[in-house]
Amino acid sequence: MAVIAEPVAAQVKRSSLWRRAFESRNFLGAMFMVPAIAILILFLAYPLALGFWLGMTDTKIGGVGRFIGFQNFVSLSKDSVFWLSVFNTIFYTVFASIVKFAIGLYLALLLNERLPFKSMMRAIVLLPFVVPTVLSAIAFWWIYDSQFSIISWVLIKAGLLNHYIDFLGDPWNARWSVVLANIWRGVPFVAITLLAGLQTISPSLYEAANLDGATNMQRFRHITLPMLSPIIAVVMTFSVLMTFTDFQLIYTITRGGPINATHLMATLSFQRAITGGNLGEGAAISNAMIPFLVAAILLSFFGLQRSRWQQGGRD
Amino acid sequence: MTTVDDQSVGMDYLESFPRKFLRVYLPLGLIIFFLLFPFYWMAVTTFKPDAEMYDYEKYNPFLIAHPTLEHIHKLFLETDYPQWMWNTVIVSVSSTFISLFASVCAAYAIERLRYKGSRYVGLAIFLGYLVPPSILFIPLAAIVFQLGLFDGNLALILTYPTFLIPFCTWLLMGYFRTIPYELEECALIDGATRLQILVKITLPLSLPGVISAGIFAFTLSWNEFIYALTFISSSENKTIPVGAITELVNGDVYHWGALMAAALTGSVPVVILYSFFVEYYVSAMTGAVKE
């Protein structure tokens, strides 16, 4: 009897070990995480680290690079095109983000009014966000055409202008043109998310303010803005991040021209790394974006903390 | 601001129409015009014959005198466009399914199993969403090349989940949180395994969340550009955005009609999908930010 009982006991022990493992939340949790973590480590974390490394090598496409320390950054610091791209990126981000925020907030307030066809309106407003950026950028490219621009045509017909505007041929015209396209692309996201925020504000707050005789402006300043500020921080972080690292719009409309006037850091890094074949230098330019991104994230993070603290420390 | 205006929140109906027109409808109309005009212009150019397109003296540019399908015809029959569309569909559908599978598992584990350290893993996955593709494409190109995936759909199918999984996981975590624990506890007592609970209880209850995550993932991968531009080189393997921008421009000759037709027809699938599920889409977008 004992001879037979032993393996059975061992079997029971082993199977219960398995069963216990599958009942253990930690083991099961780890198993469930495998697909996501595997993909994210292989194609997100590892490339991020590899990017740091590549930025410190002189790797060319198809070749093995050697470690050259900060030499890429030293040569970039003497590269006027690189500094121009930094300037363009900041210019592009600052102006596009401010206007996106202003129009987005205004649009959200308008959509929050009592309106007919509200949900249809909301659906229409989101369209520029849904349609592939490159495809809508092609439309802007055509709108900005030097000979057949519809904007120039309308302005001439209206008697406001006597010549066609060279939208993409002149450095400053080109900068403003791409900023406008970016605003067009970004307003829906800001507007819809802020609208969601507005709808979470309790109407009783406004009623109370009304009873106390607050004006429209006062209600906006003392109820809407403070209640909305956590969402504003999140939306604007995303918006700044997306604008700062934008690639598609510039690549489609100007390819960085005229004379590098609209090159962003992302498009310059693509040009140097993929078109030019200098992977190491391109990676160094990409890496140079990281401090700005971290700063943007930290800024909004501490901004959020501050507003929480002002509201009495609750979260 | 006058006193009439002050009452606008609760007693909106007291506001006279002309007043409301100036304060709300007019600015709203202008902004919507600004947001929709490029689409109108895309459509008009697509169906306009070349002769009209380049002659603003004789024809009003806003209208089409003789609508034509020549640009669409040219696009579909003389270029690789149908192939690009097929590639885009394959890549978007596959990467969406991979991302949904991985995200459902991850979100369930983080939110329902609450294993040790799940909070930190959840935060780390969310941080992955903040890493922009324009920083990753150079090292990813090197990896894709080493793995022998260069110039194939698989390169895109495997890399797109890097920006889809963080978003979908985050979204699904929010949905799973809304399902009462008691349901799972009852099932556990009845002897169901965790996997059965996930498949038979949690997933069906969070179907709206899974659908919105799926639509979001699909449109994001349909829109992706920089990876597709970097990892694909031959014309027949390109996706719509890359194909349109690299193959429809011959030197200095821009085929505006065909380009606009590509932009229009390339947008239609996502717009149709989006219009069917717009409520899911909007709630996904806003819900993800609210949390």
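These numbers come from a predicted model, not from an experiment.

Asks: I'm lost on the overall build of chain A in this one. Help?
Replies: Across its full length, chain A carries 14 helices and zero strands. Beginning at the N terminus, the succession of helices and strands in chain A can be written as α-α-α-α-α-α-α-α-α-α-α-α-α-α. Looking at chain A as a whole, 51% of its 315 residues qualify as buried. Considering only contacts within chain A whose residues lie at least 6 apart along the sequence, 66% involve residues at least 24 apart. Here chain A has roughly 15,200 Å² of accessible surface; of this, 68% comes from carbon and sulfur atoms.

Asks: Just to check I follow, could you spell out the domain arrangement of chain A for this structure?
Replies: For an interface, size is often stated in terms of accessible area lost upon the parts coming together. All names here are of chain A. According to the domain assignment, chain A contains domain 1 (23-55) and domain 2 (71-306). Each of domain 1 and domain 2 has a C-alpha centre, and these two points are 32 Å apart. On the side of domain 2, seven residues touch domain 1, which itself brings four residues to the contact. Both faces considered, domain 1 and domain 2 share a buried interface measuring about 410 Å² in area, 63% of it formed by carbon and sulfur atoms. Of all residues in domain 1, the largest losses of buried area upon contact with domain 2 belong to F52, L54 and G55, amounting jointly to 85% of the total for that side. In this structure, the connection of domain 1 to domain 2 is made through two residue pairs in polar contact (both at pLDDT 80 or more). Within the side of domain 1 that touches domain 2, the residues separate by chemical class into two nonpolar, two polar and no charged.

Asks: Looking at this structure, how should I read empty space enclosed by the protein?
Replies: A water-sized probe, rolled over the atoms, reveals where empty space remains. If you walk through the whole model with that rule in mind, you get three cavities of 30 Å³ or more. Its volume calculated, the largest cavity comes out at about 920 Å³. R185, M242 and Q248 of chain A together with P133 and L220 of chain B are the residues nearest the centre of the largest cavity, which is lined by 36 residues in total. Elements represented by at least two residues in the lining of the largest cavity include exactly α9 (171-200), α11 (216-244) and α12 (248-253) of chain A together with α7 (133-146), α9 (161-177), α12 (207-223) and α16 (278-290) of chain B. Computed from the structure, the second largest cavity encloses a volume of approximately 40 Å³. What lines the second largest cavity is simply N88, F91, Y92, R175, V178, V179, I250, A261, T262 and L264 of chain A. Only α4 (80-111) and α9 of chain A provide two or more residues apiece to the lining of the second largest cavity. In terms of residue class, the lining of the second largest cavity is built from seven nonpolar, two polar and one charged.

Asks: Looking at this structure, how should I read α9 of chain B?
Replies: Three or four residues apart is the spacing at which side chains of an α-helix point the same way, because the helix has 3.6 residues per turn. In a regular helix each residue adds 1.5 Å, so 17 residues correspond to 24 Å; α9 of chain B covers 23 Å between its end C-alpha atoms and thus fits that length. In terms of burial, α9 of chain B is largely enclosed, as 14 of its 17 residues are buried.

Asks: Would you explain helix α4 (residues 70-78) of chain B in this entry?
Replies: Residue and element names in this part refer to chain B. Restricting attention to buried positions, one finds in α4 the residues H71, I72 and L75. Projected down its long axis, α4 carries its buried residues within an arc of 100°, all on one side. α4 presents L77 and E78 as exposed residues on the side facing more than 90 degrees away from its buried surface. Where α4 is buried, its residues meet α2 (17-46), α3 (50-53), α5 (81-113) and α15 (256-276).

Asks: Looking at this model, I keep getting lost on the UniProt feature "domain: ABC transmembrane type-1" (unreviewed entry) in chain A. Mind explaining?
Replies: Look at the UniProt record and you will see "domain: ABC transmembrane type-1" (unreviewed entry) annotated at residues 86-302 of chain A. Structurally, residues 86-302 of chain A comprises 76% helix and 0% strand, and the distance from its first C-alpha atom to its last is 25 Å.

Asks: Can you help me understand the state of the cysteines in this one?
Replies: Throughout this description, disulfide means a covalent bond between two cysteine sulfur atoms. All names here are of chain B. Applying the stated criterion across every chain yields a total of zero disulfides over all chains. With no disulfide of its own, C105 lies closest to C168 among cysteine sulfurs, the gap being 13 Å. Overall, C168 belongs to the buried group, its relative accessible area being 1%.

Asks: How should I be thinking about the packing of α5 of chain B against helix α11 (residues 194-205) of chain B in this particular structure?
Replies: Residues and elements named next belong to chain B. It is at 12 Å that the axes of α5 and α11 come closest, and there the two elements cross at 100°. The angle between α5 and α11 places the two elements in the roughly perpendicular class. Mapping the contact onto sequence places V104, Y108, R112 and L113 in α5 and R194, I197, L198, T202 and L203 in α11. A per-class count over the contact of α5 with α11 returns six nonpolar, one polar and two charged.

Asks: Looking at this structure, I do not really get a nonpolar patch on the surface. What am I missing?
Replies: Residue and element names in this part refer to chain A. Taken together, the side chains of F87, I90, V94, F95, I98, W172, W176 and F292 define a hydrophobic patch exposed on the protein surface, amounting to about 730 Å² of accessible area. Of all the elements in the fold, those that place two or more residues in the nonpolar patch are α4 and α9. Sort the elements by how many residues they give to the nonpolar patch and α4 lands first, with five residues. Summarising the element assignment, F292 is placed in helix α14 (residues 279-310).

Asks: What am I meant to see in the UniProt feature "transmembrane region" (unreviewed entry) in chain B here?
Replies: All names here are of chain B. Here, the residues flagged by UniProt with the feature "transmembrane region" (unreviewed entry) are residues 21-43, 84-109, 121-148, 154-176, 197-220 and 256-282. Each end of residues 154-176 is marked by a C-alpha atom, and these two atoms are 31 Å apart; helix forms 96% of the span and strand 0%. From the first C-alpha to the last, residues 256-282 spans 33 Å; its make-up is 96% helix and 0% strand.

Asks: So what exactly am I meant to see when it comes to the side chain of T57 of chain A here?
Replies: All names here are of chain A. Structurally, T57 can be placed in the loop between α2 (25-54) and α3 (71-77). Accessibility expressed as a relative area gives 1% for T57, which makes it buried. Among the polar contacts listed, one links the side chain of T57 to the backbone oxygen of L54, at a separation of 2.8 Å.

Rules of the game
- Residues numbered from 1 in each chain as written.
- Chains lettered and ligands numbered in written order.
- Predicted model: local features only at pLDDT ≥ 70, side-chain atom pairs only at ≥ 80, totals over all residues.
- Heavy atoms only, no water.
- Helix = DSSP H or I, 4+ residues; strand = E, 2+ residues; numbered from the N terminus.
- Buried < 20%, exposed > 50% of the residue type's maximum accessible area, 1.4 Å probe, protein only.
- Contact = heavy atoms within 4.5 Å.
- Areas by Shrake-Rupley, 256 points an atom, 1.4 Å probe, with all protein chains shown as cover.
- Domains from an automatic or database assignment.
- Buried area = accessible area lost by both parts, 1.4 Å probe.
- Polar contact = N/O pair within 3.5 Å; in protein donor to acceptor, adjacent residues only side chain to side chain.
- Nonpolar A, V, L, I, M, F, W, Y, C, P; charged D, E, K, R; others polar.
- 1 Å grid on protein atoms, 1.4 Å probe; cavity = no way out; pocket = protein on both sides within 12 Å on 5 of 7 lines; lining within 4 Å.
- Points joined across faces, edges and corners; volume = space filled by probe spheres on them.
- Expected span 1.5 Å × (residues − 1).
- Arc of directions from axis to C-beta.
- UniProt positions renumbered as here; feature names shortened; annotations may be inferred.
- Disulfide = S-S within 2.5 Å.
- Axes fitted to C-alpha atoms, helices over the stretch in contact; angles between N-to-C directions.
- Parallel < 35°, antiparallel > 145°, perpendicular 65-115°, else oblique.
- Patch = residues over 30% accessible without salt bridge, like charges linked within 9 Å, V, L, I, M, F, W, Y side chains within 5 Å.
- Salt bridge = Lys/Arg side-chain N within 4 Å of Asp/Glu carboxyl O.

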